[in-house]
Amino acid sequence: MIIVLNNKCHLTKEEFKKYQQELKEITSTHKLILCPSTIHLTNFNLDNMELGSQNVSQFEQGAHTGEISSQQLKSYKVQYCIVGHSERRRENQETSKEINAKLKNLLKNEITPILCIGETLKERKTKQTKQIIKQDLQKCLQDLNNKERERIIIAYEPIWSIGTGKIPTVEEIKEVCTLIKEQLPQNKIIYGGSANNSNIEMLNKIPQINGYLLGGLSLKIDKLKEFIQKVKN
Ligand code: PGA
């Protein structure tokens, strides 16, 4: 299974140093991917994990103050990159067109994108989930051929689950995963949004899930270790 640690905008230099020391002790047969805050990417020094970025520029290079390109990420041995996280869509008005450009740049530089998709609570309540996911996938993956599409990890993250402690039912998650598999039969699907030690037994029962994207839990080392152990092989 794939377990992605999304630190978001947390940890100072000293805190990150201590955090990495603690992460070093983790041994697991799962694929572990650490996505630290961008400022820490160059301080990554773990052998038991791979390195991911939380974001990338939509531009290839050039006069774009404050941006970091796929090429630059690649030169620092970044192997994965989260794209289209709902926090970026909401706070930075990131559009599916920009997400599409980011995916293309990442694929060109052989970085595996982790594309986040998911519905709001209102969309779920008004039974629009499937339609929203289908449409968003279509827009984000526009002009990518099958080979390129297959290289993307899809993270199903219901927006209303992120950081709230609430998650959909097994049946609801299965339904969305089945829809994603219909569109993208070869892709790995991971689940994100309040995945924790209380719901992992339940999530383990969903055969379509190939891993997890962890936000809050990524920062709580003891709980994280327990979670990693509980994830089925
Ligand atoms: P959470 O965040 O695990 O804190 O809900 C997941 C995410 O935002 O990727």
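Quantities reported herein were computed from a predicted structural model and do not represent experimental measurements.

Scoring rules and cut-offs
Residues numbered from 1 in each chain as written. Predicted model: local features only at pLDDT ≥ 70, side-chain atom pairs only at ≥ 80, totals over all residues. Heavy atoms only, no water. Helix = DSSP H or I, 4+ residues; strand = E, 2+ residues; numbered from the N terminus. Rg over C-alpha atoms; globule rule 2.2 N^0.38 Å. Buried < 20%, exposed > 50% of the residue type's maximum accessible area, 1.4 Å probe, protein only. Contact = heavy atoms within 4.5 Å. Areas by Shrake-Rupley, 256 points an atom, 1.4 Å probe, with all protein chains shown as cover. Lys, Arg positive; Asp, Glu negative; His and termini not counted. Charge placed at Lys NZ, Arg CZ, Asp CG, Glu CD. Near = heavy atom within 4 Å. Polar contact = N/O pair within 3.5 Å; in protein donor to acceptor, adjacent residues only side chain to side chain. 1 Å grid on protein atoms, 1.4 Å probe; cavity = no way out; pocket = protein on both sides within 12 Å on 5 of 7 lines; lining within 4 Å. Sits in = over half its atoms within 2 Å of the grid points. Nonpolar A, V, L, I, M, F, W, Y, C, P; charged D, E, K, R; others polar. Axes fitted to C-alpha atoms, helices over the stretch in contact; angles between N-to-C directions. Left-handed = near helix turned anticlockwise from the far one by under 90°. Parallel < 35°, antiparallel > 145°, perpendicular 65-115°, else oblique.

Enquirer: So what exactly am I meant to see when it comes to the overall build of the protein chain here?
Expert: Assigned secondary structure in the protein chain consists of 10 helices and eight strands. Taken over the C-alpha trace, the protein chain has a radius of gyration of 17 Å; the compact-globule value for 233 residues is 17 Å, and the two agree within 12%. Principal-axis analysis of the C-alpha atoms gives the protein chain an extent of 45 × 45 × 30 Å. Every one of the 233 residues in the protein chain was classed for burial, and the buried ones make up 49%. In the protein chain, the proportion of contacts linking residues at least 24 apart, taken out of those at least 6 apart, comes to 69%. When the accessible surface of the protein chain is split by element, carbon and sulfur atoms take 47% of a total near 11,900 Å². Positive and negative side-chain charges in the protein chain, numbering 35 and 27 respectively, have mean positions lying 2 Å apart.

Enquirer: Just to check I follow, could you spell out the site of the ligand for this structure?
Expert: Of all residues adjacent to the ligand, which total 13 residues, the nearest are Lys8, His85, Glu157, Gly163 and Ser194. Residue Glu157 places a side-chain N or O atom 2.7 Å away from an oxygen atom belonging to the ligand. Take Ser194: an N or O atom from its main chain is 2.8 Å from an oxygen atom of the ligand. Compared with its free state, where it exposes 280 Å², the ligand has 94% of that area covered by protein. The site holding the ligand turns out to be the largest pocket. Partitioning the shell around the ligand into residue classes produces three nonpolar, eight polar and two charged.

Enquirer: Whenever I open this one, the packing of helix α6 (residues 129-140) against helix α8 (residues 170-183) confuses me. Can you help?
Expert: Axis angle and axis distance: for two packed helices, these are the angle between their axes and the distance between the axes, and together they describe the pair. α8 packs onto α6 with a crossing angle of 35 degrees between their chain directions and a minimal axis gap of 10 Å. Classified by chirality, the crossing of α8 by α6 is right-handed. Only Glu175, Val176, Leu179, Ile180 and Gln183 of α8 make contact with α6, whose side of the interface consists of Thr129, Lys130, Ile133, Lys134 and Leu137.

Enquirer: How should I be thinking about the packing of helix α4 (residues 96-108) against α6 in this particular structure?
Expert: Where α4 contacts α6, the two axes come as close as 8 Å, and the packing angle between them is 50 degrees. Classed by the angle they form, the pair α4 and α6 counts as oblique. Residue-level inspection shows Ser96, Ile99, Asn100 and Leu103 of α4 in contact with α6, the latter providing Asp136, Lys139 and Cys140. Looking at side-chain class alone, the contact of α4 with α6 contains three nonpolar, two polar and two charged residues.

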